[in-house]
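Chain and residue survey
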Amino acid sequence: MRCKTLTAAAVVLLMTTAGCSTLERVVYRPDINQGNYLAANDVAKIHQGMTQQQVAYTLGTPMMRDPFGSNTWYYVFRQEPGHEKVKQQTLTLTFDSKGVLTNINNKPALTDQKG
């Protein structure tokens, strides 16, 4: 009888604590980094008037190019550190028909971070 009571109590205890968020912090979750890592000093080197070759030399190949031929390059870096919120950095570069950089869109703005 005592064994059945202890088993029932253990089952009830496990069921009530199974959804607790405190246990989630105990489980190891690795940092997941995907895409093009963007350093602030590399992004600062990019300016309007550069050619596609110069940009590719500075930042590397883009993660994605516009499939519809509008000469837009996307550099996306997504970081999911352990138990923290996902952070994403997107750099969109637009080139004219001659392959010259005409527009830079950096969201959110990448700044030098000491740390």
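Calculation notes
Residues numbered from 1 in each chain as written. Predicted model: local features only at pLDDT ≥ 70, side-chain atom pairs only at ≥ 80, totals over all residues. Heavy atoms only, no water. pLDDT = per-residue confidence, 0-100. Helix = DSSP H or I, 4+ residues; strand = E, 2+ residues; numbered from the N terminus. Core = buried A, V, L, I, M, F, W, Y, C linked by side-chain atoms within 4.5 Å. Buried < 20%, exposed > 50% of the residue type's maximum accessible area, 1.4 Å probe, protein only. Salt bridge = Lys/Arg side-chain N within 4 Å of Asp/Glu carboxyl O.

Overall, the prediction assigns the protein a mean pLDDT of 82, with 85% of residues at 70 or greater. Helix α4 (residues 52-59) holds the highest mean pLDDT among the elements of the protein, 93, whereas helix α2 (residues 21-24) holds the lowest, 62.

Moving on, we get to the nonpolar core. Listed in full, the twelve residues of the largest apolar core are Leu 38, Val 43, Ile 46, Met 50, Val 55, Leu 59, Trp 73, Tyr 75, Leu 91, Leu 93, Phe 95 and Leu 101. Only α4, β3 (72-80) and β4 (87-95) provide two or more residues apiece to this core. In terms of residue count, the dominant contributor to this core is β4 (three residues).

The full count for this structure, using the stated rule, is one salt bridge. A salt bridge links Asp 42 to Lys 45, with the nearest nitrogen and oxygen atoms 3.6 Å apart.

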